[in-house]
Each structure stands twice: as structure tokens, then as C-alpha cells.
Amino acid sequence: MNKQGLIIVTILLFTSIYCFAFPKTNKYEGLNILSQFKIPLEMNGWMGKDVEQTWDREDGAYNFVSQTLDREYVNSDGNNLFLLVLDAGNFHNPKVCSDSSGYKVTELNDLEFHLLNRDFKAYSLYIEKDTDGFLIVYWMCIDKNIIDWKGQKVKQLWFSLINKKRAGLMVRLAIPAKEDTIHDAIFLIKNFIIDLSQAISPEHVAYIFGTSKTTQHQ
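The rules behind each value
- Residues numbered from 1 in each chain as written.
- Predicted model: local features only at pLDDT ≥ 70, side-chain atom pairs only at ≥ 80, totals over all residues.
- Heavy atoms only, no water.
- Helix = DSSP H or I, 4+ residues; strand = E, 2+ residues; numbered from the N terminus.
- Buried < 20%, exposed > 50% of the residue type's maximum accessible area, 1.4 Å probe, protein only.
- pLDDT = per-residue confidence, 0-100.
- Contact = heavy atoms within 4.5 Å.
- Pairing = 2+ DSSP bridges.
- Core = buried A, V, L, I, M, F, W, Y, C linked by side-chain atoms within 4.5 Å.
- Phe/Tyr/Trp six-rings, centres within 6.5 Å; stacked < 30°, edge-to-face > 60°.

A. Structural view of the environment of Gln198. By secondary structure assignment, the location of Gln198 is in helix α5 (residues 182-199). The class of Gln198 is exposed, set by a relative accessible area of 58%.

Written as C-alpha cells, this is what we have:
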């Protein structure tokens with residue numbers, strides 16, 4: 001993996017860990033859903049590989065995480081992006097994560113997706129530090145419903161009160177970009193998301209892309 005790739009992995013993993021951690025002694029247990037997805041390493045011109053995780057899953061500080069899927073994908077033109085899916089008991093805003101890690105953060109317009117008879121929006125950010133810039137696109141899907149930040153907190157509280165397991169996923173994609181290439185990066189990510197949606201089995205696709213035809217966040 002090249003230096004730029006390692007930087008992106010660090011952004012995705014460690015800013016997520018830094019912001020998702022919260023004081024809780026009991027380990028979060030999800031529905032073990034990620035192991036069922038079987039997202040292929042090859043899909044429509046994309047070649048993927050699993051990224052080696054550099055943090056200790058047995059450390060009690062990571063009790064909020066149940067499972068992770070962490071991959072790098074490269075297309076036939078040599079463009080690479082990173083996919084991180086977290087099954088976790090708590091999510092915090094990646095804008096805050098990146099800002100706390102020393103990145104200049106610019107909030108971009110939400111991205112709209114129309115696929116698999118579903119309409120939904122994803123958050124997008126442009127983050128920059130020194131000479132490195134990245135487009136970050138992400139959304140949250142809890143029990144097959146794409147939600148906003150307010151909805152995430154409400155569901156987190158509700159499921160904690162009734163002690164019910166849930167499939168709570170955050171999907172994040174990162175791609176190297178400069179301010180004048182953000183449009184190209186958005187185009188690439190949109191194409192990847194279409195390919196990803198078609199690669200997941202029909203019985204599992206709702207866990208990532210939701211079930212409602214017009215699911216949107218605020």
C-alpha cells in the first residue's frame with residue numbers, strides 16, 4: 001500500500017475510533033450482520049483487498065465496536081478509494097472527528113442516490129491537512145432505515161432501554177481529492193456505490209441502503 005493509502009486508512013480507522021469511543025464497560029453486541037454480506041473483492045472493474053487493522057479489538061476501549069469491514073478498492077484507471085463499514089453501538093459526527101485530528105473540514109452538499117428502488121441522501125465532507133485532501137462520504141443505517149444524527153441518538157437510547165440487539169451500520173468512503181477535483185471524486189464514489197449495491201445479495205442490501213423508497217436525513 002502506498003503512503004497516501006496509509007494516510008486514508010489512518011483517517012478512516014483512528015478518527016472513527018477516537019470519536020466513537022465512550023465510557024461503557026459492557027461490550028456492544030450487534031447481529032453479526034457484516035459476516036453475512038459477502039461483499040466481493042471484485043465488482044465491475046474494481047479490485048479490492050482487505051486492509052490490515054492496526055488496533056487491538058480485545059482492548060476494552062473498543063467495546064462499542066462489534067464488527068468492521070475495511071477495504072481498499074482500485075479501478076482499472078488506477079483510482080483508489082477506501083470503504084469502511086462499522087457495526088457499532090454509537091456514532092459521532094466525522095466532521096468533529098476530522099476537525100479534532102487537525103484537518104480543515106468543509107461541509108459539502110448532501111449527495112442524492114437513486115438506486116434499487118430507493119432514494120436516499122448521504123453526507124459529504126472535504127477534509128484537508130498540509131498537502132493531502134480527501135472527499136469523505138458517509139451515511140448511517142439502523143435496522144434497515146437510513147437515519148440522520150438526531151434519529152441515531154433516539155434509536156441508540158431506545159435500544160439501550162429495551163436491551164435489544166440491532167443492526168447499526170455506518171458506511172464511509174474516502175477518496176483522495178483536491179478542491180478542484182471534488183466533482184470527479186463525487187462521480188467516482190457514486191459509481192462505486194451503484195456497483196456496491198448490485199454486489200450485495202437482495203436479502204442483505206437493506207441493511208446498508210435501507211428499505212424505504214424515500215428515506216432521507218435532515
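B. Structural context of the confidence of the model for the chain. Counting all residues, the mean pLDDT for the chain is 77, and 66% of those residues have values of 70 or more. Every residue in residues 17-25 is under pLDDT 50, and counting partners more than four places away or in other chains gives 19 contacts. In the model, residues 60-64 has pLDDT below 50 throughout and makes 18 contacts with residues more than four positions away in sequence or in other chains.

C. Region of the structure containing the pairing of strand β6 (residues 111-115). Burial along β6 is one-sided: Leu111, Phe113 and Leu115 are buried, and none of Glu112 and His114, which face the opposite way, are. With five bridges connecting them, β6 and strand β7 (residues 118-129) associate as antiparallel partners. Along β7, the bridge assignment pairs Leu111 with Ala122. Two successive antiparallel strands, β6 and β7, enclose a turn made up of two residues, where Leu116 displays a positive phi of approximately 50°.

D. Broad picture of the nonpolar core. Within the largest apolar cluster, 41 residues are counted, with the highest numbers of intra-cluster contacts made by Leu83, Leu135, Trp139, Leu173, Phe192, Ile208 and Phe209. Here the element with the most residues in this core is α5; it accounts for eight residues. If we ignore the near neighbours within four places in the chain, the residues touching Leu83 are Leu69, Asp70, Arg71, Tyr73, Val171, Arg172, Leu173, Phe192 and Leu196. Counting 12 residues, the second largest nonpolar core, distinct from the first, contains Tyr123, Leu125, Met140 and Met170.

E. Region of interest: the pairing of strand β8 (residues 132-142). Of all 11 residues that make up β8, 10 are buried, and the element is covered over most of its length. In this structure, β7 lies alongside β8, joined through seven bridges in antiparallel fashion. From the neighbouring strand, Glu128 faces β8, where its bridge partner is Gly133. The antiparallel hairpin formed by β7 and β8 contains two residues in its connecting segment, where Asp130 sits at a positive phi of about 55°. Bridge count for β8 against strand β10 (residues 168-176) is nine bridges, and the pairing is antiparallel.

F. Layout of the packing of aromatic side chains. Counted by the stated rule, this structure contains nine aromatic pairs. Between Phe37 and Tyr207, the ring centres sit 6.3 Å apart and the planes meet at 45°, which makes this aromatic pair tilted. Placement of the pair is Phe37 in helix α2 (residues 34-37) and Tyr207 in helix α6 (residues 206-209), with a sequence separation of 170 residues. The two residues Phe37 and Tyr207 agree in class, both being buried. Consider the rings of Tyr73 and Phe192, whose centres lie 5.2 Å apart with planes at 55°: the pair is tilted. Of this pair, Tyr73 sits in strand β3 (residues 65-74) while Phe192 sits in helix α5; the two residues are 119 residues apart in sequence, bridging distant segments of the chain. Ring pairs connect the aromatic residues Phe113, Phe120, Trp139 and Phe209, which therefore count as one cluster.

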